[in-house]
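For reference, the chains in residue letters:
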Amino acid sequence: MYTISQTTQHSFREKGSKFIGYLFPVSSKEEFEDQLDNIKSKYPDATHHCYAWRINPTNTKEFSTDDGEPSGTAGQPILNKLKSYEVVNCGCVVVRYYGGTNLGTSGLIQAYGRSAEGCLEQAERSTIIPTKNVEITYPYNQQKEIDQLKNRFDLKEIEAQYLERVTIKIACRSDQAESFLNALKNLEHAGVSTEHLGSGYVTMSTN
């Protein structure tokens, strides 16, 4: 699974109609709607503003709309491209200016899919890695042991507090979580405590 970090744009003409596609990162439906409003204000006289989005890598929600095009010929082809490229936390809007010639069902499906794919081909994707997140509290004399765990497992430190004791929030790859938690359990006798914070994800550039 992947996500993107920058907006890409792709446009072309098909039998007189102009298609302008935008792909952009979002992490909520509200963020998407803000981006959609911006695009609509940029192309207020367009015939259609069709779109799809996929949000939340740990519990993916998705949506698409044809915005007046025949059912299944616009939003769904856009969504299908997002799914085939395995991207989440992004939205794609395709603006169409009608050129006077009907494209037919298959023509519309191809055109909207082509516009989305043109944006996706330009996008720099980052890999999404599912994690289990934990909070670890330990005395300073256990720093060496904790550092050894950081070297042994694929971890990302999210937050750290150094007070009377050290408290850190750590994201561990889901496929390593069981072994990591067992290793932490072996340090309980030395004053190391853990609290499960649930599931999450981190991103890693593929370029």
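Just so we're clear, the structure is a prediction, and the values are computed from it rather than from any experiment.

A. Focus on helix H1 (residues 29-42). Look at H1: 20 Å from first C-alpha to last across 14 residues, which is about the 20 Å you get at 1.5 Å a residue. Where the residues of H1 are buried, they touch strand S3 (17-25), strand S4 (48-55) and strand S6 (90-97).

B. Region of interest: the environment of isoleucine 109. Mapped onto the elements, isoleucine 109 comes out in helix H3 (residues 104-122). On the accessibility criterion, isoleucine 109 (35% relative accessible area) is partly exposed. Discounting residues that sit within four places of it in the chain, isoleucine 109 has contacts with Gly72, Thr73 and Pro77.

C. Expanded view of the nonpolar core. Core analysis: the largest hydrophobic core is formed by 23 residues, its most contacted members being Phe19, Leu23, Ile78, Leu82, Cys92 and Tyr112. Where this core is concerned, the elements lending two or more residues are S3, S4, helix H2 (75-84), S6 and H3. Per-element tally for this core: the top contributor is H3, with six residues. Those residues in contact with leucine 23 that sit more than four places away from it in its chain are Ile4, Gln6, Thr7, Thr8, Leu82, Cys90, Gly91, Cys92, Cys119, Leu120 and Ala123. Core analysis: the next-biggest nonpolar cluster, separate from the first, contains 16 residues, Phe153, Ile168, Cys172 and Leu187 among them.

D. Up close: the pairing of strand S8 (residues 155-162). With seven bridges connecting them, S8 and strand S9 (residues 166-173) associate as antiparallel partners. Residue pairing across strands places glutamate 159 opposite lysine 169, the latter belonging to S9. The antiparallel hairpin formed by S8 and S9 contains three residues in its connecting segment.

E. Looking closely at the pattern of salt bridges. Evaluation of the coordinates by the stated rule reveals eight salt bridges. Of the charged contacts, one joins glutamate 157 and lysine 150 as a salt bridge, the two residues approaching to 2.8 Å between their closest N and O atoms. On the basis of relative accessibility, which here comes to 26%, the residue lysine 150 falls in the partly exposed class. Salt bridges linked by common partners bring Arg54, Glu62 and Lys83 together as one network.

F. Looking closely at the sheet that holds S3. Read from one edge of the open sheet, five strands run S2-S3-S6-S4-S5, paired in antiparallel fashion. Edge positions in the open sheet fall to strand S2 (8-14) and strand S5 (61-65), since each of these has one partner strand only. Strand after strand, the sheet turns through a mean of 10° between neighbouring axes, direction not considered. Pairing between S4 and S5: five bridges, direction antiparallel.

Cut-offs and rules
- Residues numbered from 1 in each chain as written.
- Predicted model: local features only at pLDDT ≥ 70, side-chain atom pairs only at ≥ 80, totals over all residues.
- Heavy atoms only, no water.
- Helix = DSSP H or I, 4+ residues; strand = E, 2+ residues; numbered from the N terminus.
- Expected span 1.5 Å × (residues − 1).
- Contact = heavy atoms within 4.5 Å.
- Buried < 20%, exposed > 50% of the residue type's maximum accessible area, 1.4 Å probe, protein only.
- Core = buried A, V, L, I, M, F, W, Y, C linked by side-chain atoms within 4.5 Å.
- Pairing = 2+ DSSP bridges.
- Salt bridge = Lys/Arg side-chain N within 4 Å of Asp/Glu carboxyl O.
- Axes fitted to C-alpha atoms, helices over the stretch in contact; angles between N-to-C directions.

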